[in-house]
Amino acid sequence: MAVREICKNVYSVGVIDWDRQIFDELLPLPEGTTYNAYLVVGSEKTVLIDSVDPEFEEEFITNLARSNVSKIDYVIVNHAEQDHSGSLPVFLELFPGSKIITSEKCKDLLASFHNIPDSRMIVVGDGETLSLGDKTLEFLITPWVHWPDTMITYLKEDGIMFTCDLFGAHYATGSLFVDDRISHYILAKRYFAEILMPFRHKVAEYLDRLSGYEFGIIAPSHGPVYNDKEYILDAYRDWSSDNVKNRVIIPYISMHGSTRKMVMYLTESLISKGVSVRPYDLGKVDTGLLAMDLIDAATIIIATPTVLFGPHPKVANLAFLSSILKPKAKLLGIIGSYGWGGKTVKDLEDMVHKLNVEILEPVYIKGAPAEKDFEALDRLSDEILNKHREYKII
Ligand SMILES: Cc1cc2nc3c(=O)[nH]c(=O)nc-3n(C[C@H](O)[C@H](O)[C@H](O)COP(=O)(O)O)c2cc1C
């Protein structure tokens, strides 16, 4: 990526990964990603903020060389995850006079990930500042967005928040600033669902904290920079709140069609009652889309046949993923079909026990659905409707 100026003496020096298709060996990246890094050139000191994925260290070092900066005094590491810290070893070798500035927890992680010696690291505490001469940086220690080590760096004079993963989007775009909100919003929401939803209470707390600062620009470590912060702050306020919508999602698997018939019947029944619903065939779905819907859904209905005495493994995987993403849903139901026996319902309930949800009466039937089973599904959709009314979301 070319070196680009955000404002006077502040440059974007990261890289674009146009072709990355998956993150953490789990999350699809339909639009690739960027690994952002920033250079802040003060009248006395120059700092680099974060680095890039090690796969791109050559391009990154080339960017630093092209930026015409002869000396970098410090590299600020907002988060130790390797997609931001992986190029540090080569950087420290090429800039032997430079030191890392980071949080206590991040120092510990950097030492173990990259064998960086203590002598190259300076720990900063919450609210500490660093003068670059004509520019001042303040460090906000903000654990758990998305690891225990995370911090935000605030550049006071230019009103820029360098937020690392907070406000990120996996979006490989050549635009420095967000210029296509429609594409960006979806990718930022997908990112929130996958990376930040488990920590949404922390996110809400830090949104409040940020409201005490004057800034016009947010420079995250993935995706474009924001020069209109209200757009993303509004979205984050909604996503990190307890608010749910009149939305039911039905992740399902069906090997021979019985569970699918139940899912389709329940879907129609909910639609006819004015409840927004989306079935997701787990054999085909992009997990990121489903995760995005978990931000809004008031109700999750898990649908599976019994396979070797328990839920289908793809459904078990989804139930486990849901329990670690900690969605806001208030209701959870289990439906599906079995042949001779097992403990599917109990297994699934155990898998989601960490979720703070009310479990609805399951509709778990033998073989293909008959009239009485469709009636049970109608009762289930009535119950969902009534609960959604109680929550005042319909
Ligand atoms: C590989 C396989 C394993 C199964 N294991 C069980 C089982 O352990 N217990 C059971 O009750 N039914 C078992 N069944 C039967 C299915 O649960 C049953 O046919 C169900 O109706 C299938 O639902 P579907 O049409 O939605 O796939 C198994 C079926 C298959 C194909």
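Scroll up for the structure.
In this text, all values refer to a predicted model and were calculated from it rather than measured experimentally.

Honestly, the pattern of salt bridges in this entry has me stumped. Any pointers?
Any two side chains of opposite charge can pair if their charged atoms end up close together. All told, the structure shown has 24 salt bridges when counted by the stated rule. With a closest N to O distance of 3.8 Å, Arg237 and Glu230 form a salt bridge. For Glu230, a relative accessible area of 35% puts it in the partly exposed group. Across the salt bridge formed by Lys245 and Asp296, the nearest N and O atoms sit 3.2 Å from each other. Here the residue Lys245 occupies a position in strand β17 (residues 245–252), and Asp296 occupies one in helix α9 (residues 287–296), the gap between them amounting to 51 residues. In this structure Lys245 comes out as partly exposed when scored by relative accessible area, which is 36%. A single network of salt bridges, built from pairs that share partners, joins Lys189, Asp238, Lys245 and Asp296.

Help me out: how do you make sense of the site of the ligand in this one?
Around the ligand, the structure places 16 residues, and the nearest of them are Ser254, Met255, Phe309, Ser337 and Gly341. At 2.7 Å, a side-chain N or O of Thr259 approaches an oxygen atom of the ligand. Separating an oxygen atom of the ligand from a backbone N or O atom of Gly341 is a distance of 2.7 Å. Within the residue set of the shell around the ligand, elements represented by two or more residues are α8 (258–272), β20 (306–307) and β22 (331–338). Of the residues belonging to the shell around the ligand, the class tally is 7 nonpolar, 9 polar and no charged.

Hey, could you run me through empty space enclosed by the protein in this one?
Unfilled space is identified by rolling a water-sized probe across the atoms. Per the stated rule, a full pass over the model turns up 2 cavities of 30 Å³ or more. In this model, the largest cavity occupies a volume close to 60 Å³. What lines the largest cavity is a set of 12 residues, and nearest its centre among them are Arg4, Asn36, Leu176, Gly223 and Pro224. When the residues that make up the lining of the largest cavity are grouped by side-chain class, the tally is 5 nonpolar, 6 polar and 1 charged. Lining the second largest cavity are Phe23, Glu81, Asp83, His146, Asp165, His170, Tyr191, Ile195 and His222. Partitioned by chemical class, the residues of the lining of the second largest cavity number 3 nonpolar, 3 polar and 3 charged.

Sorry, what's going on with the packing of helix α5 (residues 181–196) against α9 here?
Between α5 and α9, the shortest axis-to-axis distance is 8 Å and the interhelical angle comes to 80 degrees. In terms of orientation, α5 lies roughly perpendicular with respect to α9. Of α9, the residues touching α5 (which contributes Ile186, Lys189, Arg190, Phe192, Ala193 and Glu194) are Gly288, Leu289, Ala291, Met292, Ile295 and Asp296. Split by residue class, the contact of α5 with α9 holds 7 nonpolar, 1 polar and 4 charged.

Quick question: what am I supposed to make of the packing of α8 against helix α12 (residues 371–390) here?
Packed helix pairs are characterised by how far apart their axes lie and by the angle those axes make with each other. Orientation of α8 relative to α12, taken along the N-to-C sense of each, is 45 degrees, at an axis distance of 9 Å. Accordingly, the angle class assigned to the pair α8 and α12 is oblique. Like other packed secondary-structure pairs, α8 and α12 cross with a definite hand, here right-handed. On α12, the residues that touch Lys261, Met262, Tyr265, Leu266, Ser269 and Leu270 of α8 are Phe374, Leu377, Asp378, Leu380, Ser381 and Ile384. Looking at side-chain class alone, the contact of α8 with α12 contains 8 nonpolar, 2 polar and 2 charged residues.

The rules we used
Residues numbered from 1 in each chain as written. Predicted model: local features only at pLDDT ≥ 70, side-chain atom pairs only at ≥ 80, totals over all residues. Heavy atoms only, no water. Salt bridge = Lys/Arg side-chain N within 4 Å of Asp/Glu carboxyl O. Buried < 20%, exposed > 50% of the residue type's maximum accessible area, 1.4 Å probe, protein only. Helix = DSSP H or I, 4+ residues; strand = E, 2+ residues; numbered from the N terminus. Near = heavy atom within 4 Å. Polar contact = N/O pair within 3.5 Å; in protein donor to acceptor, adjacent residues only side chain to side chain. Nonpolar A, V, L, I, M, F, W, Y, C, P; charged D, E, K, R; others polar. 1 Å grid on protein atoms, 1.4 Å probe; cavity = no way out; pocket = protein on both sides within 12 Å on 5 of 7 lines; lining within 4 Å. Points joined across faces, edges and corners; volume = space filled by probe spheres on them. Axes fitted to C-alpha atoms, helices over the stretch in contact; angles between N-to-C directions. Parallel < 35°, antiparallel > 145°, perpendicular 65-115°, else oblique. Contact = heavy atoms within 4.5 Å. Left-handed = near helix turned anticlockwise from the far one by under 90°.

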